[in-house]
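# Working through the structure, step by step
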Amino acid sequence: MAGLVRRFPDGFVWGAGTSSYQVEGAVHEDGRGASIWDTFAHTPGRVENDEHADVTADHYHRWAEDVALLGELAVDAYRFSIAWPRIQPDGRGAANPRGIAFYDRLVDALLEQGVQPCPTLYHWDLPQALEDAGGWLVRATVDGFAEYAAVCYDAFGDRVRTWFTVNEPWVASTLGYRLGIHAPGHRDLRESVVASHHLLLAHGAAVGAFRAAGKPGRIGIVLSQAPTYPATDSEADAAAAHGSDGYTNRWYLDPVLTAAYPADMLELWHRLVGPLDEIRDGDPAVIGTPSDFLGVNYYARRVIGAGRSDDGLPWRVMPADPAIPSTNTGWEITPTALFEQLVRLRADYGDLPMLITENGAVFFDQPNPDGRTHDAGRTAFIRDHLVAVHRAIETGVRVEGYFAWSLLDNFEWAEGFRSRFGLIHVDYPSGRRLVKDSGRAYAAMARANAVEEPAANGATDTGTPG
Ligand code: FCB
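Residues numbered from 1 in each chain as written. Predicted model: local features only at pLDDT ≥ 70, side-chain atom pairs only at ≥ 80, totals over all residues. Heavy atoms only, no water.

A word on the pairing of strand E2 (residues 13–17). Among the five residues in E2, five count as buried, and that is most of the element. Residues of E2 alternate between two faces, with Val-13, Gly-15 and Gly-17 on one and Trp-14 and Ala-16 on the opposite face, all of them buried. Two strands pair when backbone bridges link them, and E2 and strand E3 (residues 77–81) are joined in this way by three bridges, in the parallel orientation. In the strand pairing of E3, Ala-16 is matched with Tyr-78. (Buried < 20%, exposed > 50% of the residue type's maximum accessible area, 1.4 Å probe, protein only. Helix = DSSP H or I, 4+ residues; strand = E, 2+ residues; numbered from the N terminus. Pairing = 2+ DSSP bridges.)

Here it is in structure tokens:
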């Protein structure tokens with residue numbers, strides 16, 4: 001049964017992504033300094049089974065093989081991150097030439113392969129030395145980040161044309177500073193707000209440094225998007241959902257895209273954590289330094305009911321609905337929510353270019369003895385989300401590309417190696433790579449610049465709850 005073939009616009013970018021700490025390993029090599037994730041992962045009890053990414057997918061040694069695999073996947077672009085502690089082992093000062101040399105080799109090999117290098121400057125591996133000096137709680141880290149960004153533009157800006165500043169400041173601040181699940185493992189609501197502000201400021205400062213560097217290309221932030229739905233049609237749930245949307249989405253989108261924090265959130269923070277002197281006059285304008293696109297990471301929606309979190313946030317996150325299909329780690333599969341969020345972003349923030357910078361799913365499938373991994377769930381997940389993206393494009397939303405998360409199975413933060421997101425299976429610790437069925441299917445989609453929507457009832461989404 002042939003379905004509807006949805007062809008993407010010419011020039012639509014097909015990509016795959018990773019991040020430095022999750023895939024590189026080689027944490028002591030070539031002068032790399034320690035990052036907060038080295039410290040955190042080596043603290044007993046922080047990561048499942050006390051796993052750490054000292055070796056992980058060993059991309060630091062296998063980069064050439066991985067570049068060839070990107071070629072096999074037929075992608076146009078690779079989103080990787082630069083490890084700040086490889087470039088500046090102590091977070092400030094002179095660049096480490098061996099750190100620069102690694103990314104030089106990678107960038108050159110990608111270009112030779114015909115794959116656009118698209119680095120993220122900050123994907124959570126803050127140099128430990130900067131953490132020791134206060135981390136994202138102090139403004140000096142923002143200044144340090146702008147200097148580090150300038151070093152990167154100088155080193156790679158002759159070849160890189162797409163830059164990402166900061167990855168998911170909501171996750172970094174919330175899991176790192178409020179919930180204690182990610183590095184540096186703090187649990188303090190006020191700290192999380194301060195960290196979010198400094199991460200946003202770091203983005204703005206890095207955009208400013210990019211303009212000052214005068215390099216060609218485009219730059220933007222990567223925000224996790226949590227399409228938010230009220231649990232019922234009660235007024236109380238609607239208000240709670242609006243608040244939660246302010247927390248996860250608007251607190252980031254508004255300053256980046258309109259140079260102002262949302263008033264309702266400023267009022268909430270004032271009530272819950274007191275005055276925030278860290279947010280100085282003029283900061284929102286810096287955060288709103290015009291950038292070139294918005295990077296959108298999407299995994300799952302959030303359903304919100306009236307209630308209160310332990311630390312006083314006035315809403316309650318509802319558990320996944322068992323009636324809705326889910327990934328192997330229980331995340332609801334709701335591509336329609338991605339469509340609706342993209343449409344909403346255009347309605348609320350205007351006709352901005354967007355890139356889907358992450359989207360993907362955990363399925364535990366392992367290779368058969370013949371080396372094939374039949375991960376049909378992941379293939380369907382990616383296809384259905386690409387259908388959602390295509391539908392958004394049809395309504396006029398400017399989505400210019402899609403990066404599947406992830407190129408490789410890798411170290412999934414607090415979940416360690418259990419959660420596999422890869423289009424390519426990695427055998428730990430041998431490092432052997434095997435392209436999964438989803439990788440082959442993705443390559444076919446990328447080559448065709450199209451996805452085929454299943455004819456009937458094939459989609460896994462049941463739409464948004466009534
Ligand atoms: C995102 C992160 C990425 C990966 C995916 C699954 O929050 O940016 O590194 O862990 O989730």
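Let us look at the side chain of Asn-167. Topologically, Asn-167 is positioned in strand E5 (residues 162–167). Asn-167 gets classed as buried once you look at its relative accessible area, which sits at 0%.

Take the site of the ligand next. If you check the shell around the ligand, you find Gln-22, His-123, Trp-124, Asn-167, Glu-168, Tyr-299, Glu-358, Trp-405, Glu-412, Trp-413 and Phe-421 and nothing else. Contact distances for the ligand include 2.8 Å between an oxygen atom and a side-chain N or O atom of His-123. When the free accessible area of the ligand is taken as 290 Å², the share hidden by the protein chains comes to 95%. Taken together, the residues that form the shell around the ligand break down as five nonpolar, three polar and three charged. (Near = heavy atom within 4 Å. Polar contact = N/O pair within 3.5 Å; in protein donor to acceptor, adjacent residues only side chain to side chain. Areas by Shrake-Rupley, 256 points an atom, 1.4 Å probe, with all protein chains shown as cover. Nonpolar A, V, L, I, M, F, W, Y, C, P; charged D, E, K, R; others polar.)

Pairing is parallel in the closed barrel, where eight strands are placed in the order E2-E3-E4-E5-E6-E8-E11-E12. Within the sheet, the average angular offset between the axes of one strand and its neighbour, ignoring direction, is 25 degrees. As judged from the three bridges shared by strand E11 (residues 354–358) and strand E12 (residues 399–405), these two strands associate in the parallel manner. Residue pairing across strands places Met-354 opposite Val-399, the latter belonging to E12. Set on the sheet, helix H7 (residues 140–156) makes contact with strand E4 (116–122), E5 and strand E6 (218–224); between it and E4 the angle comes to about 165 degrees. (Axes fitted to C-alpha atoms, helices over the stretch in contact; angles between N-to-C directions. Contact = heavy atoms within 4.5 Å.)

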